[in-house]
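Tertiary structure, described
Now for the letters of each chain:
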Amino acid sequence: MTAIATVAVATGSSPHGGGSGAGGGVGSRSTLQRDVDRVRDAGAIGVLAEVRDVDGRRVSARSGVAELGTSRPIPTDAHVRIGSATKAFVAVVVLQLVGEGRLRLDDTVERWLPGVVAGNGNDGSRITVRQLLQHTSGLPQVFDLPGGESAADFRRYRLDSHSPEYIVRLAMAHPPVAEPGTTWVYSNTNYVLAGMLVRAVTGKTWDHETMRRITVPLGLDDTMVPRENPLLPHPHSHTYRQFAPGEPWTDTTIVNMEDSGAEGSIVSTTRDLGEFLRALVTGGLLAPAELAEMQRTVPVPEFAEFGMRYGLGLMWFDLGCGGGYWTHWGDTLGASTRGGITADGRRSVVVSVSGNGDHLGLPLERLALHPLVDNALCRGR
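Here we summarise the structure given alongside this text. (Residues numbered from 1 in each chain as written. Predicted model: local features only at pLDDT ≥ 70, side-chain atom pairs only at ≥ 80, totals over all residues. Heavy atoms only, no water.)

**Things to note about the packing of aromatic side chains**
Tallying each qualifying case throughout the model produces 10 aromatic pairs. Ring centres of Phe317 and Tyr325 lie 5.5 Å apart, and the angle between their planes is 20°; this geometry places the pair in the stacked category. Accessibility expressed as a relative area gives 3% for Tyr325, which makes it buried. Taken together through their ring pairs, the aromatic side chains of Phe303, Phe306, Phe317, Tyr325 and Trp329 make up a single cluster. Looking at Arg241, its charged tip hangs above the ring of Phe243, at a distance of 5.9 Å from the centre. The residue whose ring lies beneath Arg338 is Trp329, and the NZ or CZ to ring-centre distance is 4.3 Å. (Phe/Tyr/Trp six-rings, centres within 6.5 Å; stacked < 30°, edge-to-face > 60°. Buried < 20%, exposed > 50% of the residue type's maximum accessible area, 1.4 Å probe, protein only. Lys NZ or Arg CZ within 6 Å of the ring centre and 35° of its normal.)

Here's what the structure looks like:
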């Protein structure tokens, strides 16, 4: 592929001007560019990263191309599908409802969605709202929606959509994977149900409440839920999926994300996602009691090598320099979102990647993505 590498510095509200070189400010421009290039060299098609400090100073870097067969770089304000990073937004909405006294974390799913979680050993009367948000419900993953197994399936089904109720019924055809409250097992079913829960409590859809409670108050003008619109807003890069090792890349830019719903359908930008994370950890979205609940974590054995723990729609990762950061990973068919914000809210990085595949995931994480985030957040400490 054609390699493009560029770096830019933007000045926010700080009186001290733009980013500095090694040893201060938002960190070394050359280090960020080096790390972004490593993500590209590890197999990504395009990479965009932005680091921001508490004073609003920013450094951004990009590498690779926006579209295969061209030399066009990724737009620095590209819209991206953030995948499961959507879960952090949904969890905030639910926790705001908790803070308003409209539901409790220990309420059962059955109380709000009677008869929805039932069959094959699944029992909503034994599963709490907390367990949905924490992925400790033991509910099975949604296995049966077509479109993610091969390039041919993707092309055939990419414009299909189904209701949340239908998706949950598919999940209920399978037995639980664990007893409620016993262990962390990631399942998108939890957040499909969380979106349904928001509607049961408020009478409004989860995306309506997300807009009203988060994106509008924070001024996140480039963050939206496309529902059945399969097109990304401009500007954007193309996204690509390699469904099996050695296969050609499949362009996944045009796809209906309605099925992902509350578990993964938000479109945003690196800048907006960084603003959301900063508002969240500094108390701009939740009262202290609800933020503390969100940040109560359980172990995640699958990613113990990264020091990962999981709260309520929020991931914690250890930093190599001490301490750690809050985030939520996001992956869709063709795009990945990484990054996070330090626990004190003083420093953030958001990384958007085009080009993924299940066989590329963990190697890319170990070789390039995790080191990029670790380096970016440790600079200047």
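**Considerations on unusual backbone geometry**
Glycine aside, the phi torsion of most residues is negative, and most peptide linkages are trans. The omega torsion of the bond from His234 to Pro235 falls at -5°, within 30 degrees of zero and hence cis. Secondary-structure assignment places Pro235 in the loop between α8 (206-218) and β7 (240-241). With a phi angle near 50°, Arg227 is a residue other than glycine that sits in the positive phi range. As for its placement among the helices and strands, Arg227 is situated in the loop between α8 and β7. (Helix = DSSP H or I, 4+ residues; strand = E, 2+ residues; numbered from the N terminus.)

**Here we look at the state of the cysteines**
Here the structure, examined in full by the defined rule, presents one disulfide. With its sulfur 2.1 Å from that of its partner, Cys321 forms a disulfide with Cys378. Where Cys321 bonds to Cys378 through sulfur, the torsion about that S-S bond is close to -90°, and the disulfide is left-handed. Placement of the pair is Cys321 in the loop between β12 (315-318) and β13 (324-327) and Cys378 in helix α12 (residues 358-378), with a sequence separation of 57 residues. A relative accessible area of 37% means that Cys321 is categorised as partly exposed. (Disulfide = S-S within 2.5 Å.)

**Some remarks on the nonpolar core**
With 74 residues, the main nonpolar core has Val39, Phe276, Leu280, Met294 and Val351 as its most contacted residues. The leading source of residues in this core is helix α2 (residues 86-99), at 10 residues. Apart from the residues lying within four places of it in its own chain, the contact partners of Val39 are Ala44, Val47, Val353, Leu364, Ala368, Leu369 and Leu372. Val117, Ile167, Leu193 and Met196 belong to the second-largest nonpolar core, a separate cluster that totals 14 residues. (Core = buried A, V, L, I, M, F, W, Y, C linked by side-chain atoms within 4.5 Å. Contact = heavy atoms within 4.5 Å.)

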